[in-house]
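# Summary of structural features
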Amino acid sequence: MDKSINYLLWTAKGVAAVLMLQTLYFKFQAAPESVYIFTKVGIEPWGRIGTGIIELIASTLILIPRTAWIGAGLGLGVMAGAILTHLFLLGIEVQGDGGQLFFYALLVALSCVAILYITRHQWMPVLFSLLGRRSNPAQ
């Protein structure tokens, strides 16, 4: 792998993992902002705790080279949910945060997309075998 691509991959991994991991404290400690968000969505407390567990798993998988694509897929799924929730239920700005949580969700989602693109040689064969196809256009 080209050095610059490798740096990009590790930067994307770092951004995604660090941002997801740093929110765990607020989710698991039932910080007022977190409780507000998940109450407004109607899934407090189990949605908050469940999301935190999924983000912990995704972050861990992202940091392991063989499973980075799995973690990125999980992270992208969670962030898609967060982004859609902001757009349709919460609004971009939540409790005067200036859109910071929404921006973080976008940043993690973009990082996960970058990880998935760079590691496509790992997950595309799996996808094609699950679909029952023998050829892989990425090769």
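Up top is the structure these notes are about.
Residues numbered from 1 in each chain as written. Predicted model: local features only at pLDDT ≥ 70, side-chain atom pairs only at ≥ 80, totals over all residues. Heavy atoms only, no water.

So, on to the overall build of the protein chain. The secondary structure content of the protein chain amounts to 6 helices and 0 strands. Helices (α) and strands (β) of the protein chain occur, in sequence order from the N terminus, as α-α-α-α-α-α. Dimensions along the principal axes, computed over C-alpha positions, put the protein chain at roughly 50 × 35 × 25 Å. Split into buried and exposed, the 139 residues of the protein chain put 35% on the buried side. (Helix = DSSP H or I, 4+ residues; strand = E, 2+ residues; numbered from the N terminus. Buried < 20%, exposed > 50% of the residue type's maximum accessible area, 1.4 Å probe, protein only.)

Taken as a whole and judged by the stated rule, the model has 2 aromatic pairs. With 6.4 Å between their ring centres and 45° between their planes, Phe-103 and Tyr-104 make a pair best called tilted. Phe-103 gets classed as partly exposed once you look at its relative accessible area, which sits at 48%. Between Lys-13 and the ring centre of Trp-10, over which it is positioned, the NZ or CZ distance is 4.0 Å. Lying over the aromatic face of Tyr-117, Arg-120 brings its terminal NZ or CZ to 4.1 Å of the ring centre. (Phe/Tyr/Trp six-rings, centres within 6.5 Å; stacked < 30°, edge-to-face > 60°. Lys NZ or Arg CZ within 6 Å of the ring centre and 35° of its normal.)

In this section: helix α5 (residues 100-118). In an α-helix, one turn spans 3.6 residues, which is why side chains three or four residues apart end up on the same side. Its 19 residues place the ends of α5 27 Å apart at the C-alpha level, agreeing with the 27 Å of an ideal helix rising 1.5 Å per residue. Burial in α5 covers these residues: Phe-102, Ala-105, Val-108, Ala-109, Ser-111, Cys-112, Ile-115, Leu-116 and Ile-118. (Expected span 1.5 Å × (residues − 1).)

Bringing the packing of helix α1 (residues 3-28) against α5 into the picture now. As a packed pair, α1 and α5 sit with axes 9 Å apart at the nearest point and diverge in direction by 140°. Taken together, the axis directions place α1 and α5 in an arrangement best described as oblique. Taken as a pair, α1 and α5 cross one another with a handedness that is left-handed. Of α5, the residues touching α1 (which contributes Ile-5, Leu-8, Leu-9, Ala-12, Lys-13, Val-15, Ala-16, Leu-19, Met-20 and Gln-22) are Tyr-104, Leu-107, Val-108, Ser-111, Cys-112, Ala-114, Ile-115 and Ile-118. A per-class count over the contact of α1 with α5 returns 15 nonpolar, 2 polar and 1 charged. (Axes fitted to C-alpha atoms, helices over the stretch in contact; angles between N-to-C directions. Parallel < 35°, antiparallel > 145°, perpendicular 65-115°, else oblique. Left-handed = near helix turned anticlockwise from the far one by under 90°. Contact = heavy atoms within 4.5 Å. Nonpolar A, V, L, I, M, F, W, Y, C, P; charged D, E, K, R; others polar.)

A few words on the environment of Ile-57. Mapping Ile-57 onto the fold places it in helix α3 (residues 46-63). Looking at Ile-57, the relative accessible area reads 42%, which means it is partly exposed. Through-space distance from the C-alpha of Ile-57 to that of Met-20 is 9.9 Å; in sequence the pair is 37 residues apart.

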